[in-house]
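Fold and contact review
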Amino acid sequence: MSAETPAKSGNNEGFAAAIVLAAGKSTRMRSKLPKALHPVCGRPILVHILDALAEAGVTRRIIVVGHESEKVRQALDNHYGAGILEYAEQTVQNGTGHAAQMAEPLLGGHDGTVLVVPGDAPLLTGDTLRQLLRTHSSKNAGATLLTAVLSQDAGSYGRVLRGTDGAVTGIVEARDATPEQRGVREINTSVYAFSGPSLFRALRDLRPNNAQGELYLTDVVRLLHEAGEIVAAEVAPDPEVVLGVNTRVELAEIAARMRLRILQRLMLSGVTIADPATTYVEAGVEIGQDTTLLPNTHLSGATRIGEDCRIGPNAIVTDTIIGDRVQFRVSLADGAVIGDDSKVGPFSHLRPGTTLEPRVRVGNFVEIKASALAEGVAVGHLAYLGDAVVGARTNVGAGTITCNYDGQRKHPTQIGSDTFIGTSTTLVAPVTIGDEAFTAAGSVITNPVPSGAFAIARERQTVKEGWVRARREKFARMASETAAQAEKGEGLNTQ
Ligand code: UD1
Ligand code: MG
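Residues numbered from 1 in each chain as written. Chains lettered and ligands numbered in written order. Predicted model: local features only at pLDDT ≥ 70, side-chain atom pairs only at ≥ 80, totals over all residues. Heavy atoms only, no water.

Considerations on the overall build of the protein chain
Across its full length, the protein chain carries ten helices and 39 strands. Here the C-alpha atoms of the protein chain give a radius of gyration of 34 Å, more than 25% beyond the 23 Å that 2.2 N^0.38 yields for 495 residues. For the C-alpha atoms alone, the extent of the protein chain along its principal axes is close to 115 × 75 × 40 Å. A burial count over the protein chain gives 45% of its 495 residues as buried. For the protein chain, the accessible area works out to roughly 23,900 Å², and carbon and sulfur atoms hold 50% of it. If you average the places of the 49 positive and of the 54 negative side-chain charges in the protein chain, the two averages end up 6 Å apart. (Helix = DSSP H or I, 4+ residues; strand = E, 2+ residues; numbered from the N terminus. Rg over C-alpha atoms; globule rule 2.2 N^0.38 Å. Buried < 20%, exposed > 50% of the residue type's maximum accessible area, 1.4 Å probe, protein only. Areas by Shrake-Rupley, 256 points an atom, 1.4 Å probe, with all protein chains shown as cover. Lys, Arg positive; Asp, Glu negative; His and termini not counted. Charge placed at Lys NZ, Arg CZ, Asp CG, Glu CD.)

Below you can see the structure in the form of structure tokens.
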């Protein structure tokens, strides 16, 4: 996230700044949430773009906001911290050129390079932007466009116009293009590098002479060409980087590409992914070498996984830190910490505030919430631990339940080390059990159990000899009496 070495914009002009155009209404999303905030692989669209700019070494990022601007600012400031980004307001959405004009009060005096990027292209990478900056600087250009060559009809994209010598002369919007211009497959990606002074000079000369009656940023390119400045173009090696989100169909398509990109990066860094088609890893997740992700694994949020783990199949892990050599099968974890060499699942649910130290075993149908389990603890089957602290090597028997909630408040349970909690122990919190203690199966523990003690809290067993035979004979007797009565009754009826 943090900016790398700032990218020099060439000719010792100073450092690169960027204008991100994100004031548009994005009606086609049909959403209450501004388009820029829709998440793609766990991060808002705009955050992907802002991160790419930081990766490219851009030191100042000005976001032009308009539609739902408060929501956008708040979300971004929550993500990056207040004061990191700068904002310009465009209260009326009068076109991309008009949007760029809004940044002039902040950037007008900037004599370095100004990148302009759209707010809806999350696949744009830091590498692509760096390359654009390099080309811009080496060509000593007034403007350098990032273009892409499409393999099919270029639809609604702006077409790049070149003169007979191949030099870029302008951009024409699809709406305003002649049939011949429409045939051009080299498109404007809406990603540009400008010399700051040239950009703001040309922006002042924009006129709304087009089908939409708006101020088009694209016209700046023609104006600079006409003014005799060099207009260079960098063709994106992969047109994918410029795809924009305009509808939720595109949102899903772009998310699928981003997901694949994340998985490829992980695989190339040494993570085995058995089935990329069913594996979902969000952008910020980190995974160590030689960890294997099995099918149907979903890793999200601030999840971090160590080396040599086996995660999945069917794992849903959010905001969880997992150590090395952990096995996590068919389970859910949210806001948990799992120590080295631990085994979780199948069918476990680790909820927020759960900490497992190394070599803990949490097994079949176990739910744990806000509890700390020390090294070597085993909770093998069918248990619920809430607000509990469990000491090292303690064994929690099948069916153990902490009764941590009295209908109003949560209460803690404290269990020492090397203790044995018998099967189906009910621990009525607040309650404390010492070290090397032992509870009898089926006990309801309501009072403290000191270290080394055995606690049994259940009804004593009663044995009634011969009870089953006596019961059987009683039932047989009752049955024959009923039959006899029925026979009598029938006899009466027939007379
Ligand atoms: C724009 C380009 C087009 C290019 C395409 C690439 C223009 C005139 N056209 O078209 O050449 O091929 O991008 O995707 O620039 N915005 C504002 N304020 C406004 C209008 C737009 O901030 O008044 C923002 C939008 O929020 C969006 C970006 O600018 O993030 C691009 O606007 P959009 O309406 O999507 O432009 P396109 O029609 O896609
Ligand atoms: Mg667009």
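Brief notes about the environment of alanine 202
Residue position: alanine 202 is located in helix H7 (residues 196-204). In the structure, alanine 202 is positioned 18 residues away from valine 220 in sequence and 5.6 Å away in space, judged by C-alpha atoms. Ignoring anything within four residues of it in the chain, the contact list for alanine 202 reads Val220, Leu223 and Leu224. (Contact = heavy atoms within 4.5 Å.)

A look at the packing of helix H1 (residues 45-55) against helix H2 (residues 69-80)
Following both chains from N to C, one finds H1 and H2 inclined at 50°, their axes separated by 11 Å at the closest point. One finds that H1 runs oblique with respect to H2. Between H1 and H2 lies a crossing whose hand is right-handed. Here Leu46, Val47, Leu50 and Asp51 of H1 lie close against H2, whose contacting residues are Val72, Leu76, His79 and Tyr80. Taken together, the residues of the contact of H1 with H2 sort by class into six nonpolar, one polar and one charged. (Axes fitted to C-alpha atoms, helices over the stretch in contact; angles between N-to-C directions. Parallel < 35°, antiparallel > 145°, perpendicular 65-115°, else oblique. Left-handed = near helix turned anticlockwise from the far one by under 90°. Nonpolar A, V, L, I, M, F, W, Y, C, P; charged D, E, K, R; others polar.)

Some thoughts on the sheet that holds strand S28 (residues 372-373)
Spatially, nine strands are ordered S14-S17-S20-S23-S26-S28-S30-S33-S36 in an open sheet, and the strand pairing comes out parallel. Sheet topology places strand S14 (286-287) and strand S36 (431-433) at the edges, where each strand pairs with a single neighbour. Sheet topology places S28 next to strand S30 (residues 388-390); two bridges connect them, and they run parallel. By the bridge assignment, alanine 372 is partnered in S30 with valine 389. (Pairing = 2+ DSSP bridges.)

Overview of the domain arrangement of the protein chain
Each domain of the protein chain was delimited in the assignment, giving domain 1 (17-242) and domain 2 (260-455). Here the C-alpha centre of domain 2 lies 48 Å away from the C-alpha centre of domain 1. Residue-level contacts link eight residues of domain 1 with five residues of domain 2. Across the interface of domain 1 and domain 2, roughly 460 Å² is buried in total on both sides, 51% from carbon and sulfur atoms. On the domain 1 side of the interface with domain 2, the three residues burying the most area are Cys41, Gly42 and Arg43, jointly 65% of the side's total. Remark: the boundary between domain 1 and domain 2 carries one salt bridge. Note that glutamate 240 is salt-bridged to arginine 261, the shortest N-O span being 3.3 Å. Run the count over domain 1 and domain 2 and you get three residue pairs in polar contact (both at pLDDT 80 or more). When grouped by side-chain class, the residues that make up the side of domain 1 that touches domain 2 number three nonpolar, three polar and two charged. (Domains from an automatic or database assignment. Buried area = accessible area lost by both parts, 1.4 Å probe. Salt bridge = Lys/Arg side-chain N within 4 Å of Asp/Glu carboxyl O. Polar contact = N/O pair within 3.5 Å; in protein donor to acceptor, adjacent residues only side chain to side chain.)

Quick word on the site of ligand 1
Taken together, 20 residues surround ligand 1, and among them Leu21, Gln90, Thr96, Glu173 and Asn188 come closest. Glycine 24 has a polar backbone atom sitting 2.9 Å from an oxygen atom of ligand 1. In the environment of ligand 1, an oxygen atom lies 2.7 Å from a nitrogen or oxygen atom belonging to the side chain of threonine 96. Its free accessible area being 750 Å², ligand 1 has 82% of it covered by the protein chains. Those elements that provide at least two residues to the shell around ligand 1 are strand S1 (17-22), helix H3 (96-101) and strand S10 (186-195). (Near = heavy atom within 4 Å.)

Things to note about the side chain of threonine 320
Relative to the elements of secondary structure, threonine 320 occurs in the loop between strand S19 (315-318) and strand S20 (321-322). Within the local environment of threonine 320, its side chain forms a polar contact with the backbone oxygen of threonine 318, the two atoms lying 2.8 Å apart. Aside from chain neighbours lying at most four places away, what touches threonine 320 is Ala302, Thr303, Arg304, Ala333, Asp334, Gly335, Ala336 and Ile338.

Topic: the nonpolar core
Counting residues in each nonpolar core, the largest one holds 92 residues, and the members touching the most others are Leu46, Leu53, Ile63, Leu76 and Leu373. Looking at which element gives the most residues to this core, the answer is H1, with seven residues. There are two domains that each give this core at least three residues, and those are domain 1 (17-242) and domain 2 (260-455). Aside from chain neighbours lying at most four places away, what touches isoleucine 63 is Val20, Ala22, Leu46, Leu50, Leu76, Leu85, Glu86, Tyr87 and Ala88. (Core = buried A, V, L, I, M, F, W, Y, C linked by side-chain atoms within 4.5 Å.)

Quick notes on unusual backbone geometry
The step from glycine 312 to proline 313 runs through a cis peptide bond, and the omega angle for that step is 0°. The residue proline 313 is located in the loop between strand S18 (310-311) and S19 in this model. The linkage connecting glycine 345 with the following residue, proline 346, adopts the cis geometry, with an omega of 0°.

Quick word on the pattern of salt bridges
For the coordinates displayed, the defined rule picks out 18 salt bridges. As a salt-bridge pair, arginine 43 and aspartate 51 come within 3.5 Å of each other at their nearest N and O atoms. Relative accessible area serves as the criterion here: at 10%, aspartate 51 is assigned to the buried category. Each member of the salt-bridge network shares a partner with another, and the members are Arg325, Asp341, Arg359 and Glu375.

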